[in-house]
Amino acid sequence: MALQILQTGKFQRLIAILGISIFCTYSLANELPGEKIQESLVMFNWSDYMDPKLITQFKQETKIEVREVYYESDDQRDDILLNMDRAYIDIIVINGAMLNSYRKRGWLAPVNDQLIPNRRNLNPRWQEAFIGAKDYGIPYFWGTLGIAYRSDLVKEQITSWRQFFQPNDNLRGKIVLINTTRDVVGMALKSLGYSANSSDSKELSEAGDILLQQKPFVHEYSYLATDETSSLVSGDVIAAMLYNGDALTVQEHHEAIKYLVPEEGGNIWVDYLTVSSISKHKDAAWQFINFLHRPENAAQLAKTLYFATPNKAAEQYLSQEFLNDDTIYPSKEILQKSEFHQPLPARAINIQNTIFSRVTNPN
């Protein structure tokens, strides 16, 4: 059983808190006869961002059970953790841009190096990409944010963010944007030739203007489904902001779906596995994270999810076709044009939040 938390607001937050309690109680009450579970971990994660076979294998090896609770966006994850009893959560998957903020709030436990010997397999570039990452997080995956689109349904092939944010009329009501402030405002800034990390009020105002102008073309502000039910597969949506590995997943269901990092560049993201500072199962949590970074397990995760692993030792278990796929491992040119999300001044954060709230408000 998996509980998916998809709503926010005071009432929904209460449901989220109670939901996690129900989730844990249900799972413990439904163990198979004869099972002896030593510990039970709860992982706060994106949906479909784990290989269930590895969870089963870990349970068989250690008698430690891992259950997942899902969030739909980075913003939603932050909001839920801010407004709930975090004692229910042991492992949190965090984007690098927020890791130092979580550290400053005292939400994260320092990495226990003695329990993470497989850390030696990690590429230092991703371990040190963000402030606080080296001491409080273990890289999980890295990749790009770009555009997935139906090449058979557009009047001209999409090559730029400009075409996405200032679209042709045939895209009216046919675009999906991620419901995350930094990604939406950041890529709108890049479409104008600015840095995704701009804190200039004039540049932010311009980004807000094009997002409002784009609004009639937006089908919804949400994360696109990547299975056969996806609106990109059905054609109800023609273009969507999407992470690279998820684009490869949805491509399996329609041959005309293409993915690109636009010519202006995109966002380079790194997700980290972290342990809650108030987890009662820290050692077991680090044990699971170390298990995920056994080279053969990290490779299995990469192949299952179509994302680039930060685990260098895992590459011996990956095919050359996988390693040479520039959607998974983007070219040096794409990386040079793209940006990490960097910490912003409080004033710029407030402006971005105001822009996003105004744009996504249904009225």
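Values in this document were obtained by computation on a predicted structure and should not be read as measured data.

*Asks:* Would you take a moment to explain the overall build of the protein for this structure?
*Replies:* Summing up its helical and strand segments, the protein has 16 helices and 10 strands in all. Taken over 363 residues, the protein has a buried fraction of 56%. When contacts within the protein are restricted to residue pairs at least 6 apart in sequence, those whose partners lie at least 24 apart make up 75%. A total of about 15,900 Å² of accessible surface is found on the protein, and carbon and sulfur atoms cover 49% of it.

*Asks:* What is the right way to read the nonpolar core from this model?
*Replies:* Formed by 118 residues in total, the largest nonpolar core has its most connected members in Tyr 140, Phe 165, Leu 177, Met 241 and Phe 288. If one sorts the elements of this core by residue count, strand β5 (residues 138–150) sits on top with eight residues. Residues contacting Phe 165, with those up to four places away along its chain left out, are Leu 177, Val 184, Met 187, Ala 188, Ser 191, Ile 210, Leu 211, Gln 214 and Met 241.

*Asks:* Where do I start with the pairing of β5 in this structure?
*Replies:* A regular strand places its side chains on the two faces of the sheet in alternate fashion. Counting buried positions along β5 yields 13 of 13 residues, so the element is predominantly enclosed. Two elements, β5 and strand β10 (residues 267–275), share seven bridges in a ladder whose sense is antiparallel. Residue pairing for β10: Thr 144 is matched across the bridge by Ile 268.

*Asks:* What should I look at first to understand the packing of aromatic side chains in this one?
*Replies:* When we look at a pair of aromatic rings, we describe it by the centre distance and by the angle of the planes. Taken as a whole, this structure holds 25 aromatic pairs when the rule is applied. Joined through ring pairs, the aromatic side chains of Phe 44, Trp 46, Tyr 49, Tyr 71, Tyr 140, Phe 141, Tyr 223, Tyr 243, Trp 269 and Phe 307 make up one cluster. Cation over ring: Arg 77 sits above Tyr 71, and NZ or CZ is 5.4 Å from the ring centre. We note Arg 172 situated over the ring of Phe 217; from NZ or CZ to the ring centre the distance is 4.5 Å.

*Asks:* Honestly, the packing of helix α8 (residues 181–191) against helix α16 (residues 346–360) in this entry has me stumped. Any pointers?
*Replies:* Between two packed helices, both the angle of their axes relative to each other and the distance between the axes serve to describe the pair. The N-to-C vectors of α8 and α16 enclose an angle of 95°; their axes lie 10 Å apart at closest approach. Between α8 and α16, the crossing angle belongs to the class labelled roughly perpendicular. Facing α8, whose interface residues are Thr 181, Arg 182, Val 184, Val 185 and Leu 189, α16 presents Gln 352, Asn 353, Ile 355 and Phe 356. Here the residues of the contact of α8 with α16 sort into five nonpolar, three polar and one charged.

*Asks:* Whenever I open this one, the pairing of β10 confuses me. Can you help?
*Replies:* In terms of burial, β10 is largely enclosed, as nine of its nine residues are buried. Where burial is concerned, the two faces of β10 agree: the one with Asn 267, Trp 269, Asp 271, Leu 273 and Val 275 and the one with Ile 268, Val 270, Tyr 272 and Thr 274 are both buried.

*Asks:* Any chance you could explain the pattern of salt bridges here in plain terms?
*Replies:* Two side chains with opposite charge may pair up if their charged atoms get near one another. Under the counting rule described, the total for this entry stands at 11 salt bridges. For Arg 77, the salt bridge identified is with Asp 78, shortest N-O distance 2.9 Å. When sorted by exposure, Arg 77 lands in the same class as Asp 78, which is buried. Within this structure, Lys 59, Glu 65 and Arg 67 form a network of salt bridges that share partners.

*Asks:* What should I look at first to understand the environment of Leu 301 in this one?
*Replies:* Within the fold, Leu 301 resides in helix α13 (residues 295–305). Classification of Leu 301 by relative accessible area gives buried; the value is 3%. Each C-alpha atom, one on Leu 301 and one on Phe 141, is 9.4 Å from the other, the two residues being 160 residues apart in sequence.

*Asks:* Before we go on, may I ask you to explain the side chain of Gln 76 in this structure?
*Replies:* With respect to the helices and strands, Gln 76 occurs in helix α3 (residues 74–82). Here Glu 72 takes part through its backbone nitrogen, which lies 2.7 Å from a polar atom of the side chain of Gln 76.

*Asks:* Looking at this structure, I do not really get empty space enclosed by the protein. What am I missing?
*Replies:* Left-over empty space is what a probe sized like a water molecule reveals as it rolls over the atoms. The full count for this structure, using the stated rule, is one cavity of 30 Å³ or more. Counted as a void, the largest cavity has a volume near 40 Å³. What lines the largest cavity is Tyr 140, Phe 141, Leu 273, Leu 292, His 293, Ala 298, Leu 301 and Thr 309. At the level of secondary structure, the elements contributing two or more residues to the lining of the largest cavity comprise β5 and α13.

*Asks:* Just checking my understanding: could you explain helix α9 (residues 201–214) for this structure?
*Replies:* For an α-helix, 3.6 residues make a turn, and residues three or four places apart therefore share a direction. For α9, with 14 residues, the first-to-last C-alpha span of 20 Å sits near the 20 Å given by 1.5 Å per residue. Among all positions of α9, only Leu 204, Ala 207, Gly 208, Ile 210, Leu 211 and Gln 214 are buried. Buried residues of α9, viewed axially, fall in a sector of 165°; they line one side. Residues of α9 that are exposed and angled more than 90 degrees away from the buried face: Lys 202 and Gln 213. Those residues of α9 that are buried lie in contact with α7 (161–165), β6 (175–177), α8, β7 (218–221) and α16.

*Asks:* Explain the environment of Gly 186 to me, please; I cannot follow it from the model alone.
*Replies:* Along the polypeptide, Gly 186 turns up in helix α8. A sequence separation of 18 residues divides Gly 186 from Leu 204, and the C-alpha atoms of the two residues are 9.1 Å apart. Ignoring any residue separated from it by four or fewer positions in sequence, one finds Gly 186 in contact with Thr 181 and Ala 196.

Cut-off values and rules
- Residues numbered from 1 in each chain as written.
- Predicted model: local features only at pLDDT ≥ 70, side-chain atom pairs only at ≥ 80, totals over all residues.
- Heavy atoms only, no water.
- Helix = DSSP H or I, 4+ residues; strand = E, 2+ residues; numbered from the N terminus.
- Buried < 20%, exposed > 50% of the residue type's maximum accessible area, 1.4 Å probe, protein only.
- Contact = heavy atoms within 4.5 Å.
- Areas by Shrake-Rupley, 256 points an atom, 1.4 Å probe, with all protein chains shown as cover.
- Core = buried A, V, L, I, M, F, W, Y, C linked by side-chain atoms within 4.5 Å.
- Pairing = 2+ DSSP bridges.
- Phe/Tyr/Trp six-rings, centres within 6.5 Å; stacked < 30°, edge-to-face > 60°.
- Lys NZ or Arg CZ within 6 Å of the ring centre and 35° of its normal.
- Axes fitted to C-alpha atoms, helices over the stretch in contact; angles between N-to-C directions.
- Parallel < 35°, antiparallel > 145°, perpendicular 65-115°, else oblique.
- Nonpolar A, V, L, I, M, F, W, Y, C, P; charged D, E, K, R; others polar.
- Salt bridge = Lys/Arg side-chain N within 4 Å of Asp/Glu carboxyl O.
- Polar contact = N/O pair within 3.5 Å; in protein donor to acceptor, adjacent residues only side chain to side chain.
- 1 Å grid on protein atoms, 1.4 Å probe; cavity = no way out; pocket = protein on both sides within 12 Å on 5 of 7 lines; lining within 4 Å.
- Points joined across faces, edges and corners; volume = space filled by probe spheres on them.
- Expected span 1.5 Å × (residues − 1).
- Arc of directions from axis to C-beta.

Any functional reading would require information that these geometric values do not contain.
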